[in-house]
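Reading the structure
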Amino acid sequence: MGRIVGIDLGTTNSVVAVLEGGRPQVIASAEGGRTTPSVVGFSREQELLVGQLARRQLVLNPRNTFANLKRFVGRSWDELDEGSLSVPYTVRCNDAGNVRVVCPATEREYAPEELVASILRKLVDDAGTYLGEPVEAAVITVPAYFNDAQRQVTRDAGRLAGIRVERILNEPTAAALAYGFDRSVVKRVLVFDLGGGTFDVSVLRIANGVFDVKATSGDTQLGGNDWDRRIVDWLADAFQADHGMDLRRDRQALQRLTEAAEKAKQELSGVQSTPISLPFIATGGDGPLHIETTLERRRFEGLCPDLLDRLLRPVQRALRDSGFAAEDIDDVVLVGGSTRMPMVQEMVRTLVPLEPCQSVNPDEVVAIGAAVQAGILTGELRDLMLNDVTPLSLGLETIGGVMKVLIPRNTPIPVRKSDLFSTSEANQSSVEVQVLQGERSMASDNKSLGRFRLSGIPPAPRGVPQVQVSFDIDANGLLQVSATDRTTGRQQSVTIQGGSNLSEEDIAVLIAEAEQKATEDRRKRADIDRRNRAQTLVAQAERRLRDAALEVGPYGAERQQRAVELALRDVQDLIAEEARGSVDLAELELAVSQLQEALYGLNRRLLSERKADQGPLQGLKNTLGSLKDELFSDDEWDDWDRPSSDPWSTGSRRYTPPPYSAPRPLEPSGYQGSGSDRERPRGVVSRREPPPRRGWDEGDPWAER
Ligand code: ADP
Ligand code: MG
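Let me begin by describing the structure that accompanies this report. Since the model is a prediction, treat every value here as computed from it, not as a measurement.

Near ligand 1 there are 17 residues, and of these Thr12, Gly196, Glu262, Lys265 and Ser269 occur at the shortest range. Thr11 places a polar main-chain atom, nitrogen or oxygen, 3.1 Å from an oxygen atom of ligand 1. A distance of 2.9 Å separates an oxygen atom of ligand 1 from a polar backbone atom of Gly337. Looking at which element gives the most residues to the shell around ligand 1, the answer is helix α7 (residues 251–267), with three residues. Among the residues making up the shell around ligand 1, the classes are represented as one nonpolar, 13 polar and three charged. When residues of the shell around ligand 1 are assigned to domains, at least three fall in each of domain 1 (4–223 + 307–388) and domain 2 (224–306).

Pasting the structure below:
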C-alpha cells in the first residue's frame, strides 16, 4: 500500500499530516502555514484559488470567495438554518432541493462538495510536493456527529479530488488517537471539539492501545462562527440604530464586519477588552461612516449565553450514554480553536471537574490522529485498535409515520442488524422502505437518508409476507441497506443516496472534467513558468553584459558578447510578441536555450580571461580588500569575494560556498603588477597583502551550468 495521508478537513482550517518513521508530522502548505484556510475562491480571471490565497480576497471579492462550505456538505436546503445561510456569497436551492453555490466569476453553480474537493486537492498536492511522490489515498476526518449523508458527501469530495478515501474517521476519535497512541495507559477521556462550524463530544476508554469510543454527541451546526456572528450583529445593530443602515445587506461590509468580529473574539481570549475599528464601512448622506468601538469580554459573554447552553446537552448526553459519570473521567482533551475562549473552558470545567489536558495542540491534533489511523491501515503502526460507534440512531419509517430503530446510537461499528417487516394491506405487492437517521420518534422529525421500493411481493393477506431489512454500517460509519422478501427470495440492495447532493453520473462527469482541467491547468502553469524563466534570463543576461563590459571592456570578448546580445534580442522580441498572444511558446523556449548557451559561452570566456590575467576590476577589488582588511575583520568582508554575491550565481540552484582555504602567498594581481596602474584609486595605498581570496579562484561557479 502506498502512502496514505491524514486530512483534517475543517470548517475553518484544514490540516494534512503524514506518518514519517512512525511519528506523525504536520505538512506545511506551499504558502508555509501549518494549517490551510478552508476557503476556495475564483479570481476575476477565473483562476481557482485555495487556502491562504483565497482567504486574502474574502473582503475584496466576497461573491466569488467561499468559506464555511462544510456547513453545506450533505445537507439539503430545508435543513439549513438562517445562520448557515447568512454568508457573503450566494447560495440557492436547485430543483432537487439541494444547495448550490453561485459563482459569478466563472458563471457557474457548484455543489458544495465540488468546492470542498479543491481544498482536498490542494492539501494532497502540498503533501505530494513535501513527500516527493504523488499522494493517492487519504484518511479524512469528519465531525463524529455527521450523519450518513454528510459522510457520503465527504467521501464523494475525496473522489472528486482524485484520491482514494481509505477511511472516514471521526474527528474526536482522531484527537483521542493522537492523544493516546504512544502511551500505555488506561484512561477514560472526554474529547471536547469546538471548531469553526461544528461541535463534537466523545467519551472514550483508552487501554494500552485499544481505543473504545463509548459514546459521541454533538451539534453539526454550532461553532466559532456563531460567536463571530453575535459580535457582527452587535456591531451592525448599533450601527443601524445610529445611522439607519443595515450593514449586513452589503456583502463587502458584512465580510469586513465578520473579519473584525473574529479578530475581536480571538483577542478577547487573551485580554479583557479590545478595540474594534472599521473605518469607511459605509457612506451616509454626510460622507463616509466609521465604526470605532470597544468590546469587553464581559459584554461579549453576555451576547452568547444561549450558544454556551447548546454545549451543555451534548456533553451530558455523551456522558450518560457512555455509562461514565463526570467524576470517572481522567482527562479532558480540548480540540478546535474555539476551545480557547475562556467562557467555553469555564463551561467545560463546570461539567467535568478537571483541568483540561494541555499536551495536545488543538489545531493539529485531529490531522495527527488521522495520520496515525493511516499508519494503522498501512500496518506501519501495530498494536493499536480502534472501536468507534455510530453517532445517530438508524431505522425505518413504519405505519403511522413512526420511526422504528434498527441500530441505536452509540452502537459499535462495523455492525449489521436486520429485522422483519410485513405489509399493512391485503395483497400489497410492494413496500417502500424509507431510511431514517436521528433520535426523534416521528419519522418526519428525523433525517431521511433516502427511500427505495421492494416490489413483486406475491398477493397475501396483510401481515403475512415477511420482508427482511438489513442495515450494514462499515468502519467509515457509512450505511448500506438491503431488503429481502423471504417468500420469493427477491432482494434489493441500495446504497443510500437520498441526502447526497450529486448523483453517480454527476460525479463521473465532474471527475472527467477535473482530469481534463488538471491537464489544462498543468499546461497553463508550464506556460507561465516558461515565460517567467525567459524574463529572469533576460534580466540576468542584461546584467551579465554590463558586467562583462566593465570587466573586459565593450569589445573584450566581442564574439561572445555579440552572441549574447543577439540571442537576448530574440528572446525580448518573442516575449513582447507573446504578450500580444501571437507566439508559439516552443519558439520562445528555443530562443531561451540559445540565450542560455550564449551566456554560457560568455561566462567561460570571461573566466578564462580572468584566469589568464586578473583584470583591472579585480585589481580594484584587491586594493579595497587590503584597505578594508585593516579596518574590519575578515568575516564581514567575505561577501565581497563570494560568488554568491554575484547575481549570476544566485540563480535557482543553491550555492554551497567552497571550503575555506588557507591564505596563499601573494599572487600577481592587476594592481600590483601588470600595468593596470591607471586603475589604481588615488590616495589608496596598499601596505599589506590583499586578503586571502575565497570563492572565485577555487570554485568555478559557472562551470557546472
Ligand atoms: P475547524 O475545525 O472548524 O476548521 P478550528 O479548530 O480551526 O476549526 O477552529 C477555528 C475556529 O476557532 C474559528 O472560529 C476561530 O475564530 C476560532 N479561534 C481560533 N483561535 C481562537 C482564539 N484564540 N479565541 C477564540 N476563538 C479562536
Ligand atoms: Mg476541527
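From this point, the narrative continues.
Moving on: the layout of surface pockets. Estimates place the volume of the largest pocket at around 1,800 Å³. Surrounding the largest pocket, 47 residues form its lining, Leu48, Arg121, Asp125, Asp521 and Arg525 being those nearest its centre. Contributions of two or more residues to the lining of the largest pocket are made by β6 (48–50), β10 (108–110), α3 (112–131), α4 (148–160) and α12 (504–552). Top element by residues in the lining of the largest pocket is α12. It accounts for 13 residues. Residues belonging to the lining of the largest pocket are distributed by class as follows: 22 nonpolar, eight polar and 17 charged. Among the domains, domain 1 (4–223 + 307–388) and domain 4 (505–611) are the pair contributing at least three residues each to the lining of the largest pocket.

Now for the environment of Pro305. Note that Pro305 resides in helix α9 (residues 305–322). Residues Pro305 and Met343 lie 38 residues apart in sequence; the distance between their C-alpha atoms is 9.5 Å.

Between helix α5 (residues 171–180) and helix α11 (residues 365–378), the shortest axis-to-axis distance is 7 Å and the interhelical angle comes to 80°. The angle between α5 and α11 falls in the class roughly perpendicular. Of the residues in α11, those in contact with Glu171, Ala174, Ala175, Leu177 and Ala178 of α5 are Val365, Val366, Ile368, Gly369, Ala370, Val372, Gln373 and Ile376. Within the contact of α5 with α11, the residues separate by chemical class into ten nonpolar, two polar and one charged.

Take the nonpolar core next. If you look at the biggest cluster of nonpolar residues, it comprises 49 residues, and the most contacted ones within it are Leu190, Phe192, Trp227, Ile276, Phe300, Leu311 and Val344. With seven residues, helix α6 (residues 224–243) is the largest single contributor of residues to this core. Counting contributing residues, this core receives three or more from each of domain 1 (4–223 + 307–388) and domain 2 (224–306). Among all residues touching Phe300, those that are not within four sequence positions of it are Trp227, Ile231, Lys265, Leu268, Leu295, Met341 and Met343.

A word on unusual backbone geometry. Cis geometry is found at the peptide bond from Ile413 to Pro414, where omega equals 0°. Topologically, Pro414 is positioned in the loop between β21 (402–407) and β22 (415–421). Positive phi values are uncommon outside glycine, yet Glu107 reaches one of about 50°. With respect to the helices and strands, the residue Glu107 is situated in the loop between β9 (99–103) and β10. A positive phi angle is found at Asp383, which is not glycine, with a value near 60°. Among the structural elements, Asp383 can be located in the loop between α11 and β19 (385–387). Judged by relative accessible area, Asp383 falls into the exposed class, the value being 71%.

Another aspect to go through is the pattern of salt bridges. Scanning the model with the defined rule gives 38 salt bridges in all. A salt bridge links Arg310 to Asp219; its shortest N-O distance comes to 3.1 Å. Linking Arg310 in helix α9 with Asp219 in strand β15 (residues 210–219), this pair joins segments that are 91 residues apart in sequence. Assessed through its relative accessible area of 33%, Arg310 is described here as partly exposed. The class of Asp219 is buried, set by a relative accessible area of 17%. One salt bridge in this structure joins Arg349 and Glu346, with 2.8 Å as the shortest N-O distance. With Arg349 and Glu346 both in helix α10 (residues 342–351), this residue pair falls three residues apart, about one helical turn.

Before going further, it helps to spend a moment on the sheet that holds β10. On the basis of which strands lie adjacent, the open sheet formed by three strands has the order β8-β9-β10 and antiparallel pairing. Of all strands in the sheet, those with a lone pairing partner are β8 (90–93) and β10, marking the two edges. Here the strands of the sheet are splayed against their neighbours by 40° on average, with no regard to which way each runs. Sheet strands in contact with α3 are β9 and β10, and its direction is about 80° off that of β10.

In this section: the pairing of strand β17 (residues 287–296). Of the pairings in the sheet, the one linking strand β16 (residues 273–284) to β17 comprises nine bridges and is antiparallel in character. Each bridged residue has a counterpart across the sheet, and for Ser277 the counterpart in β17 is Glu292. Linking β16 back to β17 in an antiparallel pair, the connection comprises two residues.

Tracing the backbone through its elements, the reader meets Ser482 in strand β26 (residues 479–485). Under the relative-accessibility criterion, Ser482 is labelled buried at 10%.

Time to look at the sheet that holds strand β13 (residues 186–194). Taken in spatial order, the five strands make up an open sheet running β18-β13-β14-β15-β19, and their pairing is mixed. The open sheet is flanked by β18 (331–335) and β19, the only strands paired with a single partner. Shown here is a sheet whose adjacent strand axes are inclined to one another by a mean of 25°, direction ignored. Here nine bridges tie strand β14 (residues 199–207) to β15, and the two strands are oriented antiparallel to one another. Note on β15: the bridge partner recorded for Leu204 is Val213.

On to the pairing of strand β2 (residues 13–20), then. Along β2, six of the eight residues are buried, which leaves the element largely enclosed by surrounding structure. Across four bridges, the pairing between strand β1 (residues 4–9) and β2 is antiparallel. Residue Gly6 lies in a different strand from β2, and its bridge partner there is Ala17. Following β1, the chain reverses through three residues before pairing antiparallel with β2. Pairing of β2 with strand β4 (residues 36–37), which is carried by two bridges, proceeds in the antiparallel orientation. Paired with Ser14 across the bridge in β4 is Thr36. Pairing between β2 and strand β3 (residues 23–26): four bridges, direction antiparallel. Residue pairing across strands places Glu20 opposite Arg23, the latter belonging to β3.

Cut-offs used in this document
- Throughout this description, residue numbers start from 1 for each chain and increase along the sequence as written.
- As they are written, the chains are lettered A onward and the ligands numbered 1 onward, keeping that order.
- Since the coordinates come from a predicted model, pLDDT governs what is reported: local features require at least 70, and pairs of side-chain atoms require 80 or more to be given and counted, while whole-chain, interface and lining totals use all residues.
- The side-chain values count all of the structure's non-hydrogen atoms but skip hydrogen atoms and water molecules.
- Here a residue is near a molecule or strand as soon as one of its heavy atoms is found within 4 Å of it.
- Any pair of N or O atoms that falls within 3.5 Å is considered a polar contact. Within protein, one atom must be able to donate a hydrogen and the other to accept it, and sequence-neighbouring residues count only if both atoms are side-chain atoms.
- Runs of E in the DSSP output that reach at least two residues are strands. Runs of H or I that reach at least four are helices, and both are numbered from the N terminus.
- Ten residues, namely Ala, Val, Leu, Ile, Met, Phe, Trp, Tyr, Cys and Pro, are considered nonpolar, four, namely Asp, Glu, Lys and Arg, are considered charged, and the remaining ones, Gly among them, are considered polar.
- For the purposes of this description, domain bounds are those given by an automatic or database domain assignment.
- The distinction between a cavity and a pocket rests on a 1 Å grid over the protein atoms alone: a 1.4 Å probe fits inside a cavity but cannot get out, while a pocket stays open yet meets protein on both sides within 12 Å along at least five of seven lines, and a residue with an atom within 4 Å of a point counts as lining.
- Grid points are joined across faces, edges and corners, and a volume is the space filled by probe spheres set on the points.
- Note on geometry: axes are C-alpha line fits, over the in-contact stretch for helices, and angles between N-to-C directions span 0 to 180 degrees.
- Should an angle lie under 35 degrees it is considered roughly parallel, over 145 roughly antiparallel, and from 65 to 115 roughly perpendicular; all remaining angles are considered oblique.
- Contacts: residue pairs with any heavy atoms within 4.5 Å of one another.
- The set of buried Ala, Val, Leu, Ile, Met, Phe, Trp, Tyr and Cys residues whose side-chain atoms join them within 4.5 Å is what this entry labels a nonpolar core.
- For the exposure calls, accessible area comes from a 1.4 Å probe over protein chains only, and a residue counts as buried if that area is under 20% of its type's maximum, exposed if over 50%, partly exposed in between.
- A pairing counts as a salt bridge when a side-chain nitrogen of Lys or Arg comes within 4 Å of a carboxyl oxygen of Asp or Glu.
- Paired strands, as defined in this entry, are two strands with at least two bridges between them according to DSSP.

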